[in-house]
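Coordinate analysis (summary)
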Amino acid sequence: MSVGILALQGDIQEHSAVLLRLGVRPVEVRLPKHLAEVNRLIIPGGESTTIGRLLALYDLVEPIRARAGHDLAIWGTCAGAILLARTILDAKQGGQPVLELMDMAVRRNAYGSQLDSFEQPLAMPVLGEIPLPGVFIRAPQIETIGPAVTALATLPSGAIVAAQQGRLLATTFHPELTSDDRVHRYFLEL
Amino acid sequence: METSTWTTKVGLAQMLKGGVIMDVVTPEQARIAEEAGAVAVMALERVPADIRAQGGVARMSDPELISAIKAAVTIPVMAKARIGHFVEAQVIEALGIDYIDESEVLTPADEEHHINKHKFKIPFVCGCRNLGEALRRIAEGAAMLRTKGEAGTGNVVEAVRHFRTVQGDIRRLQSMDEDELFTAAKNLQAPYELVKQVAELGKLPVVNFAAGGIATPADAALMMQLGVEGVFVGSGIFKSGDPARRARAIVEATTHYNDPEIIAKVSRGLGEPMVGINIDQIPAEQLMAKRGW
C-alpha cells in the first residue's frame with residue numbers, strides 16, 4: 001500500500017511527520033506520474049485557490065477523479081475538504097478549480113478572519129469516546145450533505161466538521177497539527 | 001472554544017508553506033495575485049522599490065486601502081506595521097486583517113524595542129538575518145519568520161546570505177554538547193530555552209520564509225532548494241514587464257522547485273524583470289536589513 005500527500009502547497013511536512021511516526025513513508029504527489037504510484041492520497045491544509053490552480057495546470061484533476069473512491073482513497077483536511085466538495089460557497093471571484101467528488105456544500109472561511117481561528121475539542125464517535133483536539137484555521141464549514149455522505153463529527157453549534165462518503169474523507173480541522181494520530185490511522189484503514 | 005491560540009497563529013503560517021506571498025498596492029493587483037495562485041497578499045501603499053526610490057518616512061498603509069484589498073480577495077491578507085509601532089499594529093488588528101509584518105521596509109518607530117507581540121490576538125511575521133535575531137523575535141511573540149534579504153533591490157544575494165547564516169547558526173548549535181548551549185545562548189543574545197529547542201529540533205520552531213530581492217522563478221526555487229518554506233515577493237512582480245505571467249511562473253517554480261525542466265519552462269519569455277540594484281551601490285544608511293536588532 002502506498003500513501004501519497006498532494007505536495008503542491010500547504011502543510012505537507014506536518015502530514016508526512018505523522019505518517020512516518022506510524023511507520024508509513026509517504027510519496028509526495030506533484031505530477032500525474034507520482035499519482036500513479038499511490039492508492040491513498042491526503043490533500044493537506046493550505047490555500048484551496050492555490051492548490052486547485054496547480055491541480056488543473058499540472059493535469060491532476062482528471063486522473064484523481066477517475067480513481068477517487070475506487071482504487072484511490074482520499075482524505076482532505078481544510079483546503080482539501082474544500083477541493084473535495086461538489087459545491088463551494090464563497091469561492092474566489094470568477095470561481096476556482098475543484099475536484100467535485102463529495103456530495104456536500106462547503107463554505108470557505110466560514111468563521112471569519114484569522115482572528116476567529118480557534119481550538120475546540122470535538123467528539124468523533126467512530127474514533128472512540130475520547131474527544132479529538134480540533135484545530136480550526138480560517139476553517140471552512142460543511143453546510144449541507146447529500147444522502148451518500150455521513151457526518152462523522154459536529155461542533156456543539158451543530159456545524160459538521162468531518163464527513164465521509166465511502167473511501168472519501170473530509171475534515172475541516174487539522175489533526176496533523178496535533179499529537180493525536182487517530183484520524184490518520186482511520187484513513188489508513190479506509 | 002479558544003481563539004487566537006499559539007497553535008492557530010503558527011498554524012496559519014504552516015498552511016502558507018510552499019506558497020508565494022505577494023506585495024500588492026491596489027485591489028486589482030490583489031486579484032491578479034490571487035488568480036496567479038498566491039497563498040496570501042501583503043497590502044501596501046508603495047512596494048519597497050518605490051519606498052527606496054522616493055525616500056521619506058514609510059508608514060503603515062491607509063486603513064481604507066488595506067480594507068479594500070481585504071475585500072477584493074478570499075486568500076489571507078497581511079499588512080505591515082513599523083518596527084516598535086504597536087499602535088499601527090493595534091489598528092491593523094482592529095481591521096480584521098490576518099497577519100502583521102513588523103517590517104524593516106518601513107521606517108522604524110522605536111530603535112530599541114520591537115513590538116511585544118504576545119499582547120496581540122493577530123499573529124506576526126518578523127524579519128531576521130541570523131539565528132539570534134530570529135529567536136529574539138520568537139521570544140517577543142512572532143509566530144512566523146522571514147529572512148530579510150534586501151527589499152526593493154531585485155537582488156537575491158542578501159536573502160541567500162541571511163538564510164545561509166541562520167542555517168549555519170543552527171548547525172553549529174547541533175554540534176554542541178548541552179553544557180555549551182548556555183554560552184551559545186549568551187553569544188546569540190537569545191533565550192536559553194529557545195536555543196535548546198533549536199539544538200534539539202535542528203530547525204526553527206516556527207515557519208521561515210525568504211524575502212527581499214526575489215525577482216525570478218529561479219530565485220524562488222533557489223531559496224526553496226536551500227531550505228526555506230515559502231517566499232515573499234515584493235517589488236519583483238508588479239515592477240516587472242508582465243506581472244500576471246511572472247506571478248504565475250514564480251508560483252509554479254516554488255511548487256516544483258526541485259524540477260529544473262519545469263523551472264526552465266515557466267521561465268521562458270517572461271518579459272522584463274524589475275531593474276536590479278547592486279547592494280554595494282546602496283549607501284549604508286539606506287540598507288533596510290540593518291533596521292531591527
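Scroll up to find the structure this text is about.
As the structure is a computational prediction, the values presented were derived from the model and not from experiment.

What counts as what
Residues numbered from 1 in each chain as written. Chains lettered and ligands numbered in written order. Predicted model: local features only at pLDDT ≥ 70, side-chain atom pairs only at ≥ 80, totals over all residues. Heavy atoms only, no water. Helix = DSSP H or I, 4+ residues; strand = E, 2+ residues; numbered from the N terminus. Rg over C-alpha atoms; globule rule 2.2 N^0.38 Å. Buried < 20%, exposed > 50% of the residue type's maximum accessible area, 1.4 Å probe, protein only. Contact = heavy atoms within 4.5 Å. Areas by Shrake-Rupley, 256 points an atom, 1.4 Å probe, with all protein chains shown as cover. Core = buried A, V, L, I, M, F, W, Y, C linked by side-chain atoms within 4.5 Å.

Turning to the overall build of chain B, a few remarks are in order. The number of helices and strands found in chain B is 13 helices and nine strands. Its C-alpha radius of gyration of 18 Å places chain B within 12% of the 19 Å reference for a compact globule of 293 residues. Seen through its principal axes, chain B has C-alpha atoms that stretch 55 × 45 × 45 Å. Looking at chain B as a whole, 60% of its 293 residues are labelled buried. Contacts in chain B between residues far apart in sequence, at least 24 positions, make up 66% of those at least 6 positions apart. In the structure as shown, chain B presents an accessible area of about 11,400 Å², 49% of it carried by carbon and sulfur atoms.

To continue, consider the environment of Val105 of chain B. Residues and elements named next belong to chain B. Tracing the sequence through the fold places Val105 in the loop between strand S5 (99-103) and strand S6 (124-128). Of the residues examined, Val105 reaches a relative accessible area of 4% and is grouped as buried. On a C-alpha basis, the gap between Val105 and Ala139 in space is 21 Å, while along the polypeptide they are 34 residues apart. Those residues in contact with Val105 that sit more than four places away from it in its chain are Pro48, Ile51, Ala58, Lys80, Ala151, Met288 and Arg291.

Before going further, it helps to spend a moment on the nonpolar core. Leu55, Ile64 and Ile74 of chain A together with Met223 of chain B are the most contacted members of the largest nonpolar core, which has 91 residues in total. Setting aside residues no more than four positions away along its own chain, Ile64 of chain A makes contact with Leu35, Leu41, Leu55, Leu72, Ile74, Leu99 and Leu101 of chain A. Judged by nonpolar contacts, the second largest core, of 44 residues, contains Met42, Val125, Leu194 and Leu204 of chain B.

The next thing to look at is helix H6 (residues 182-189) of chain A. Taken together, the buried positions of H6 of chain A are Arg182, Val183, His184, Phe187 and Leu188 of chain A. The elements touched by buried residues of H6 of chain A are strand S1 (3-6), helix H1 (12-21), strand S3 (40-43), strand S4 (73-77), strand S8 (132-136) and strand S12 (168-171) of chain A.

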